[in-house]
Amino acid sequence: MFPPPIYSRAISCTLLAALFLLASCSEEKQENGHIGMVTLLEEVAQKFYVPGNRFANHARVAHFDTLAAKASGRKKFDFEYEKATELLRAGDPEGAAKLFEKLHQELPQVAYSFTPKDQGLADRLQADIAQAYLRFGEQENCLINHTSASCIFPIASPGFHQLPQGSRKAIEHYTALLTRNPEALHYRWLLNIAYMTLGEYPDKVPAQWLIPLESQSEAAVAPFEEVAGDLGVDVDAISGGSILEDFDNDGNLDIMASSYGLRDQIRYFHNDGDGSFSDHTEKAGLKGITNSLNMVQADYNNDGYIDVLVLRGAWFEQHGKQPNSLLQNNGDGTFTDVTAAVGLLSFYPTQTATWSDFNNDGWLDLFIGNETADKFSPNPSELYINHRGVFKNVAKDVGIELNQYVKGVTSGDYDNDGWQDLYISTLYGQNFLFRNLGLGRNEQLKFEDVTDKAGLAKPMMSFPTWFYDFDNDGWLDIFVSGFKFSNDPSVSYNVAAEYLGLPNEAEKARLYRNNRNGTFTDIAETAGINKSLYTMGSNFMDMDNDGWLDMYLGTGDPSFESIIPNKLYRNKAGKAYQDVTTAAGVGHLQKGHAVSVGDIDNDGDQDIYTVMGGAYEGDNYRNALFKNTYQGSAPAGNNWVSIKLEGVKANKAAIGTRLKITFTEQGKQRSIYRDVNSGGSFGASALRSEIGLGQATKIDKLEILWAGSNRKQVLENIAANQFIHIIEEDSQVKKLDIRKLNLQKKKGAHDLHHAHLPNHQD
């Protein structure tokens, strides 16, 4: 039973009018626009932090408590059940467990009111009790008494729970449930996890309910080390976005992280160049810039400094009419919100966008995929053309104004015709490939929906996606991961079934190989990637510098029952993927949101920063930074190069520029291909091109096809294992003085990470 939505006052019309008037570019008006956005975000929080918002969990606890106090009999029971559910979601699993237990004992008193819908209510309540205790164990151990091994699957001794009460209680209840329901694979999965948290897997798991883990990979994979806590960048929050980027052009990658709560502060960690990070959030002028599920960076005004687009409103549906933010990098360590001034102020729910020069004029344009749910008003997608730093929405004019529940977008030139195309992933059924037809009459940009012609029309429920060259043949392929948003069967049920080799109903991932003729073929099964992944944040990388693109996948869904490992897949020479999660030590069990990849310590291999935590207020967790030890491991035979590209006719950050790198390895010459972009659709990797060269000691030939200008530049004999800077039309390759960093433990680091602020006001 749920109450009707409750709405508070509308966002101030006066404030909105003021924001729209801030369309000139004077510094004073930009500053006023920044202050106006901070004020607007607080008004958004006040408007939407109401019991009708399923993510306003503290407000919902109070609401159902009030309703329960005025009710009796079955109505009181139902309101208390809702309150217990919201207590768990609000971060009080112990209180939730006690209330669920009380309700379980009261079942005989309300049996008179049972209907067919109440069948299984006793089991559901006991499952709720078990889940609350399991989360309580996580809270006591993995959060409060955190170690770098906490929640890394399969859990090893440093991550075992020292306070066992939560998992012991969970085991007791899951055992009782399985005794009555032996085919309930989701209870079986969670029982195995509970035993694992206590160091009692597999020996003490009853044989009939044991789920065997996958065997260790036969590949020699260097382990990753989780160092976020040591560096003080382990933001403790719920789901959000992340960016790894060199925001101040000092050669070192900084970190920006956001969180989904309406009042959760975006955080900016500056890489100090000595192996440590400092929290520059307030110093950067970001105080009050809050609430984002995803962010993506670009140099929108071609001034040489990377700016940030902040996306808001995803999953909120009728409460998702929230503004995005464009944060202009001022080049002095500060950012200013210029959203209204540049024409980007709109109010649609979204978490996905892609920057690309769609009209080839040297300025980055912006496509934003918004979320239209069937029962609510349409929220059309937007395509903003950049007119030297000012934007105009032309989505309808160019044939790309979609009203779909868009969850992921990616841009790239899939047909190698010099124009950037779009692939769009949606949650409820149909994905889309739009081919960019270029400029027609009156210089009008046009797109054509070629989904059917390309062989991509098979329905699917999906989430993150990206273009990349999986097999290094010079043609962009498409990865898109399935995401079946359903409780029946649950995520845990389907994942357990997959581990046991049983059929399941999960939406599988797809890997579409480019056939080089405008069509694609799904090779996910032969590539070993048609799995029940439930991928959210994710990105691709070259973990071992062999020149083949691997991928790290964050997994889960909003349910607290969704305790499944994130995954790392190694690309086996463009033929298949190999699951190396266990060997690499990156199988985090918490919800995996935005994934950003970059060489954060400048040692030549790519590291992973990932935002952890779920959608509900109490499903918080610490962000993780997995340091890649490949270059420090023996034998580390593969070499690398890191390239910063600077456009002149092309956009300054060179986004969309294509690289063909040819080198000789063990007497044989081969080529690999890369595009300059931030990677996948949920998480933003560094824009500098970090490229593995296998065992080659130099690049024989580097061919650059600059985005927008479509000018080809060829450079030869570039030594491996260095950072270089290449400017469009400049024949010189400049070596950058970027030094390897010895990551340092920050004194008192664990006191610095708490950023998840309550969305309600006391």
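Since the structure is predicted, the reported quantities are computational estimates derived from the model, not experimental observations. (Residues numbered from 1 in each chain as written. Predicted model: local features only at pLDDT ≥ 70, side-chain atom pairs only at ≥ 80, totals over all residues. Heavy atoms only, no water.)

### Points about the overall build of the protein chain
The helix and strand inventory of the protein chain stands at 13 helices and 40 strands. Radius of gyration (C-alpha) of the protein chain: 25 Å, near the 27 Å computed for a compact globule of 762 residues. Projected onto its principal axes, the C-alpha coordinates of the protein chain cover approximately 80 × 65 × 55 Å. Counting contacts in the protein chain only where the partners sit at least 6 residues apart, residues at least 24 apart contribute 63% of the total. Just so you have it, the protein chain exposes about 27400 Å², and 50% of that area is on carbon and sulfur atoms. (Helix = DSSP H or I, 4+ residues; strand = E, 2+ residues; numbered from the N terminus. Rg over C-alpha atoms; globule rule 2.2 N^0.38 Å. Contact = heavy atoms within 4.5 Å. Areas by Shrake-Rupley, 256 points an atom, 1.4 Å probe, with all protein chains shown as cover.)

### Re the packing of helix α3 (residues 57-70) against helix α4 (residues 73-90)
Running from N to C, α3 and α4 point in directions that differ by 160°, and their axes come no closer than 8 Å. It follows that α3 is roughly antiparallel to α4 by the angle criterion. Classified by chirality, the crossing of α4 by α3 is left-handed. Residue-level inspection shows Asn57, His58, Arg60, Val61, Phe64, Asp65, Leu67, Ala68 and Ala69 of α3 in contact with α4, the latter providing Lys76, Phe79, Glu80, Glu82, Lys83, Glu86, Leu87, Arg89 and Ala90. A class-by-class count of the residues in the contact of α3 with α4 yields eight nonpolar, two polar and eight charged. (Axes fitted to C-alpha atoms, helices over the stretch in contact; angles between N-to-C directions. Parallel < 35°, antiparallel > 145°, perpendicular 65-115°, else oblique. Left-handed = near helix turned anticlockwise from the far one by under 90°. Nonpolar A, V, L, I, M, F, W, Y, C, P; charged D, E, K, R; others polar.)

### Re unusual backbone geometry
The general pattern is negative phi for most residues beyond glycine and trans for most peptide bonds. The omega angle of the peptide bond from Phe153 to Pro154 is -10°, so this bond is cis rather than trans. Turning to its location among the elements, Pro154 is positioned in the loop between β1 (152-153) and α8 (165-180). Unlike most non-glycine residues, Arg388 shows phi in positive territory, near 55°. Along the chain, Arg388 falls in the loop between β14 (382-387) and β15 (390-393). Although it is not a glycine, Ala573 adopts a positive phi angle of roughly 55°. Judged by its relative accessible area of 35%, Ala573 is partly exposed. (Buried < 20%, exposed > 50% of the residue type's maximum accessible area, 1.4 Å probe, protein only.)

### Some remarks on the sheet that holds strand β26 (residues 567-572)
As summarised here, the arrangement of the four strands in space is β24-β25-β26-β27, forming an open sheet in which the pairing is antiparallel. Edge positions in the open sheet fall to β24 (535-541) and β27 (576-579), since each of these has one partner strand only. Each neighbouring strand pair of the sheet contributes to a mean axis angle of 25°, computed without reference to strand direction. With three bridges joining them, strand β25 (residues 550-555) and β26 adopt antiparallel strand pairing. Directly across from Leu553, in β26, lies its bridge partner Lys567. (Pairing = 2+ DSSP bridges.)

### What to know about the sheet that holds strand β12 (residues 350-356)
Within the open sheet, the four strands sit side by side as β12-β13-β14-β15. Their pairing is antiparallel. Single-partner strands in this sheet number two, and they are β12 and β15. On average, each strand axis in the sheet is tilted by 25° relative to the strand beside it, whichever way the strands run. In this structure, strand β13 (residues 365-370) lies alongside β14, joined through three bridges in antiparallel fashion. Along β14, the bridge assignment pairs Leu366 with Tyr384.

### Side note on the confidence of the model for the protein chain
Atomic detail in the predicted coordinates should be set aside for any region of low pLDDT. Residues of the protein chain with pLDDT of at least 70 account for 92%, and the chain-wide mean is 92. In this model residues 1-9 is a low-confidence stretch, pLDDT under 50, and it forms 23 contacts with partners more than four residues away in sequence or in other chains. Below pLDDT 50 for its whole length, residues 751-758 participates in 24 contacts with residues either more than four positions away or in separate chains. (pLDDT = per-residue confidence, 0-100.)

### Side note on the UniProt feature "domain: ASPIC/UnbV" (unreviewed entry) in the protein chain
Under the local residue numbering, the UniProt record ascribes the feature "domain: ASPIC/UnbV" (unreviewed entry) to residues 654-724. Segment residues 654-724 splits into 0% helix and 54% strand. End C-alpha atoms: 15 Å apart. (UniProt positions renumbered as here; feature names shortened; annotations may be inferred.)

### A closer look at the pairing of strand β32 (residues 624-628)
Extensive coverage of β32 is indicated by the burial of five of its five residues. Going residue by residue along β32, you find Ala624, Phe626 and Asn628 tucked away on one face and Leu625 and Lys627 tucked away on the opposite face as well. Where strand β30 (residues 607-612) meets β32, three bridges bridge the pair, whose relative direction is antiparallel. Counted as the bridge partner of Thr610 is Ala624 from β32.

### A closer look at the environment of Gly618
In this fold, Gly618 is placed in the loop between β30 and β31 (621-622). Along the chain, Gly618 and Phe153 lie 465 residues apart, while their C-alpha atoms are 22 Å from each other. Sequence-distant contacts of Gly618, that is, excluding residues within four places in its chain, are made with Arg89, Ala90, Gly91, Arg135 and Phe560.

### Regarding the packing of aromatic side chains
Given two aromatic rings, one states the distance between the centres and the angle between the planes to describe the pair. Taken as a whole and judged by the stated rule, the model has 34 aromatic pairs. Sitting above the plane of the Trp315 ring, Lys407 keeps its charged end 3.6 Å from the centroid. The ring centre of Phe560 lies 5.6 Å from the NZ or CZ of Lys591, which sits over that ring. (Phe/Tyr/Trp six-rings, centres within 6.5 Å; stacked < 30°, edge-to-face > 60°. Lys NZ or Arg CZ within 6 Å of the ring centre and 35° of its normal.)

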